[in-house]
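Tertiary structure, described
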Amino acid sequence: MENYCNVYVRDWWRKDSNGRKVPYPGAPRQYLARHVTEADARTIAREYNEAHNPGWRSRKAEFEQA
């Protein structure tokens, strides 16, 4: 049985009210693909991460099982 995944982008860091860099565990997710195979999810995430600079927020593509 095939596992299906959702691929999304989110920030790992944010700035607090004092301007300090802090973890952002509840960051909103922007979905790139939904209900794709795990192999496709890995490819989509890898290609996104190779094509985009994560910046200080460490914005990266990830995937989760659907």
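Within any chain, residue numbers begin from 1 and follow the written order of that chain's sequence. Two thresholds apply to this predicted model, a pLDDT of at least 70 for residue-level local features and 80 or more for giving and counting side-chain atom pairs, whereas whole-chain, interface and lining totals are computed over all residues. The side-chain values count all of the structure's non-hydrogen atoms but skip hydrogen atoms and water molecules.

What to know about unusual backbone geometry
Positive phi outside glycine occurs at histidine 35, with the angle close to 55°. Position of histidine 35 relative to the elements: it lies in strand β4 (residues 30-37). Positioned with a positive phi, serine 58 is a non-glycine residue whose angle comes to about 55°. By definition, any uninterrupted DSSP run of H or I lasting at least four residues is a helix, any uninterrupted run of E lasting at least two residues is a strand, and each is numbered from the N terminus. Note that serine 58 resides in the loop between α1 (38-51) and β5 (60-65). Throughout this description, buried means an accessible area under 20% of the type-specific maximum (1.4 Å probe, protein chains only), exposed means over 50%, and partly exposed covers the range between. Take serine 58: its relative accessible area is 14%, and that puts it in the buried class.

Description of the pairing of strand β1 (residues 4-10)
Most of β1 sits inside the fold, with 6 of its 7 residues counted as buried. Strands are treated as partners if at least two bridges between them are detected by DSSP. When β1 meets β4, the two strands line up antiparallel, connected through 5 bridges. Looking at the pairing, tyrosine 4 lines up with threonine 37 of β4.

Concerning α1
Under the 1.5 Å per step criterion, the end-to-end length of α1 is 20 Å for 14 residues, consistent within 8% with the ideal 20 Å. Those residues of α1 that sit buried are Ala41, Ala45 and Tyr48. One face of α1 carries all of its buried residues, which in axial projection span an arc of 65°. Counted as exposed and oriented over 90 degrees from the buried face of α1: Ala39, Glu50 and Ala51. Where the residues of α1 are buried, they touch β1, β4 and β5. Given a helix with a known number of residues, its expected span is that number minus one, times 1.5 Å. To be clear, the arc concerns the directions from the helix axis to the C-beta atoms. Any two residues whose heavy atoms approach within 4.5 Å at even a single point are treated as in contact.

Observations concerning the pattern of salt bridges
What makes a salt bridge here is a side-chain nitrogen of Lys or Arg within 4 Å of a carboxyl oxygen of Asp or Glu, nothing more. A complete count under the given rule lists 7 salt bridges for this structure. Close ionic contact of glutamate 62 with arginine 10 constitutes a salt bridge, the shortest N to O distance being 2.8 Å. On the criterion of sequence distance, the pair formed by glutamate 62 in strand β5 and arginine 10 in strand β1 is long-range, its members being 52 residues apart. Under the relative-accessibility criterion, arginine 10 is labelled buried at 11%. With a shortest N-O distance of 2.8 Å, glutamate 38 and arginine 42 are connected by a salt bridge. Of this pair, glutamate 38 and arginine 42 both sit in helix α1, 4 residues apart, roughly one helical turn. A single network of salt bridges, built from pairs that share partners, joins Asp11, Arg57 and Arg59.

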